[in-house]
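Residue strings, one per chain:
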Amino acid sequence: MNTVLAFGMPGGWELIVIILFVIIFFGAKKIPEIARGMGKGIREFKDATKEIKNEIDESAKAKPSEKKTD
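Everything numeric in this text was worked out from a predicted model, so none of it was measured. (Residues numbered from 1 in each chain as written. Predicted model: local features only at pLDDT ≥ 70, side-chain atom pairs only at ≥ 80, totals over all residues. Heavy atoms only, no water.)

**Student:** Mind showing me how you'd approach the overall build of the chain here?
**Tutor:** Scanning the chain from N- to C-terminus turns up two helices and zero strands. Across the 70 residues that make up the chain, the buried fraction comes to 0%. Summed over all atoms, the accessible surface of the chain reaches about 7,100 Å², with 66% contributed by carbon and sulfur. (Helix = DSSP H or I, 4+ residues; strand = E, 2+ residues; numbered from the N terminus. Buried < 20%, exposed > 50% of the residue type's maximum accessible area, 1.4 Å probe, protein only. Areas by Shrake-Rupley, 256 points an atom, 1.4 Å probe, with all protein chains shown as cover.)

Right, here's the structure in full:
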């Protein structure tokens, strides 16, 4: 028995149960609002990570030019 696969992605029946739970718990009218909020959150996260990556790249490029000459 392979226990590593026990924590993998949910299969077909698990996804159906999750979707039904979300519909029952939140209601069909709230799902688009929740999806929009999640989309905005993901977009903000991607923008923040891109900004941090750009800052790191810029600082890495600036370091070689700041060599000390004694």
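The discussion continues.
**Student:** How should I be thinking about a negative patch on the surface in this particular structure?
**Tutor:** Together, E44, D47, E51, E55, D57 and E58 give the surface a local cluster of negative charge. Mapped onto the elements of the fold, D57 is located in helix 2 (residues 31-65). Residue classification places D57 among the partly exposed positions, given a relative accessible area of 36%. (Patch = residues over 30% accessible without salt bridge, like charges linked within 9 Å, V, L, I, M, F, W, Y side chains within 5 Å. Salt bridge = Lys/Arg side-chain N within 4 Å of Asp/Glu carboxyl O. Lys, Arg positive; Asp, Glu negative; His and termini not counted. Charge placed at Lys NZ, Arg CZ, Asp CG, Glu CD.)

**Student:** Could you clarify how one ought to interpret a nonpolar patch on the surface in this entry?
**Tutor:** Nonpolar side chains collect at one region of the surface, where F21, F25, F26, I34, M38 and I42 lie side by side and expose about 630 Å² of accessible area between them. Looking at the nonpolar patch, the elements that each hand over two or more residues are helix 1 (12-26) and helix 2. On the basis of relative accessible area, M38 is assigned to the exposed category, the value being 53%.

**Student:** Is there a simple way to think about the packing of aromatic side chains in this case?
**Tutor:** To describe a pair of aromatic rings, you give the distance between the ring centres and the angle between the ring planes. A complete count under the given rule lists two aromatic pairs for this structure. Consider the rings of F21 and F25, whose centres lie 5.5 Å apart with planes at 10°: the pair is stacked. Of the two residues, F21 and F25 both sit in helix 1, four residues apart, roughly one turn of that helix. As far as burial versus exposure is concerned, F21 and F25 are alike and both exposed. Aromatic side chains F25 and F26 sit 4.9 Å apart centroid to centroid with 85° between the ring planes, which places their arrangement in the edge-to-face category. Within the aromatic cluster, the residues linked to one another by ring pairs are F21, F25 and F26. (Phe/Tyr/Trp six-rings, centres within 6.5 Å; stacked < 30°, edge-to-face > 60°.)

Function cannot be inferred from these measures alone, as they are strictly geometric.
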